[in-house]
Amino acid sequence: MSLKLVLQLIIEFFKTGLFSLGGGLATIPFLYEMIDKYGWFTKEMLMNMIAVSESTPGPMGVNMATYVGFHTTNSILGGIITTLSLIAPSIIVICIVAHFLQKFKNSHWVQDAFYGLRPAVCAMIASAGLGILVIAIFNNGTISMDINFLNIILLVLVFLFYKKFNKVHPIVLICLCACLGIIFQL
């Protein structure tokens, strides 16, 4: 594990933690940028990270950061470093905001700032969702004729039967889709 790699991971995940407002899905555009900039993982690996991170306990962004750190450095320490780098900005900002928010919580400037953040967070999550959709439907992650028809069928079924699926526990849906993926890949 080289010092240069560790510093790059710290900087990238600190930046991701600082600017990915809106939760785990908001980290995905930053992870795409890391793919292009460093090649630490592939788009297919990112899809798997998203699936596993959504399916396992804990915050999605933290789960993905831990995986990238472990995978990139091939060590548990790398996973710990990236995780701490991702959550450090939140801890710092929360401490600062908690100190000052009590004083300014009724300020219209503060209320307007929070109101203005909503569209930015929505756009980041929508961008991440569209990116996931393209990777799920098109096998190579770019719009081409290489289409994954199984994923399209699953997507259509979920949309058609959303109300019925909404009553099914998410773990059952995750296991069902994972089993279907295994069956159709054999």
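Residues numbered from 1 in each chain as written. Predicted model: local features only at pLDDT ≥ 70, side-chain atom pairs only at ≥ 80, totals over all residues. Heavy atoms only, no water.

A. Quick peek at the nonpolar core. One finds Phe13, Ile28, Leu31, Phe41, Leu46, Met64 and Val68 to be the most contacted residues of the largest nonpolar core, which totals 22 residues. It is helix α2 (residues 28-38) that provides the largest number of residues to this core, a total of five residues. (Core = buried A, V, L, I, M, F, W, Y, C linked by side-chain atoms within 4.5 Å. Buried < 20%, exposed > 50% of the residue type's maximum accessible area, 1.4 Å probe, protein only. Helix = DSSP H or I, 4+ residues; strand = E, 2+ residues; numbered from the N terminus.)

B. Seen up close, the environment of Ala26. Relative to the elements of secondary structure, Ala26 occurs in the loop between α1 (3-19) and α2. By relative accessible area, Ala26 is classed as buried at 0%. In this structure the C-alpha to C-alpha distance between Ala26 and Thr16, which are ten residues apart in sequence, comes to 8.9 Å. Non-local contacts of Ala26, meaning those with residues more than four positions away in its chain, are made with Ser20, Leu21, Met124 and Ile125. (Contact = heavy atoms within 4.5 Å.)

C. Examining α1 more closely. For α1, built from 17 residues, the straight-helix expectation of 24 Å at 1.5 Å per residue is met to within 8% by its first-to-last C-alpha distance of 24 Å. Here α1 has its buried residues at Leu5, Val6, Leu9, Glu12, Phe13, Thr16 and Gly17. Buried residues in α1, looked at end-on, bunch into an arc of 140°, giving them a common side. Residues Leu3, Lys4 and Ile11 are exposed on α1 and point more than 90 degrees away from its buried face. Each element contacted by the buried residues of α1 is listed here: α2, α4 (60-73) and α5 (76-104). (Expected span 1.5 Å × (residues − 1). Arc of directions from axis to C-beta.)

D. Up close: the side chain of Glu12. Here Glu12 is to be found in helix α1. Those residues within four positions of Glu12 in sequence are excluded, and the remaining contacts are Glu33, Met34, Lys37, Tyr38 and Trp40.

E. Examining unusual backbone geometry more closely. If you check the backbone angles, Asn74 has positive phi at about 60° while not being a glycine. With respect to the helices and strands, Asn74 occurs in the loop between α4 and α5.

F. Looking closely at the pattern of salt bridges. Within this structure, the stated rule accounts for three salt bridges. Close ionic contact of Glu12 with Lys15 constitutes a salt bridge, the shortest N to O distance being 3.4 Å. Residue Glu12 and its partner Lys15 are located together in helix α1, separated by three residues, close to a single helical turn. Using a relative accessible area of 25% as the deciding quantity, one classes Lys15 as partly exposed. Note that Glu33 and Lys15 form a salt bridge whose closest N and O atoms lie 3.3 Å from each other. Separated by 18 residues along the polypeptide, Glu33 in helix α2 and Lys15 in helix α1 bring together distant segments of the chain. Through salt bridges with shared partners, a single network forms among Glu12, Lys15, Glu33 and Lys37. (Salt bridge = Lys/Arg side-chain N within 4 Å of Asp/Glu carboxyl O.)

So far we have only geometry, and geometry alone does not tell us how the molecule works.
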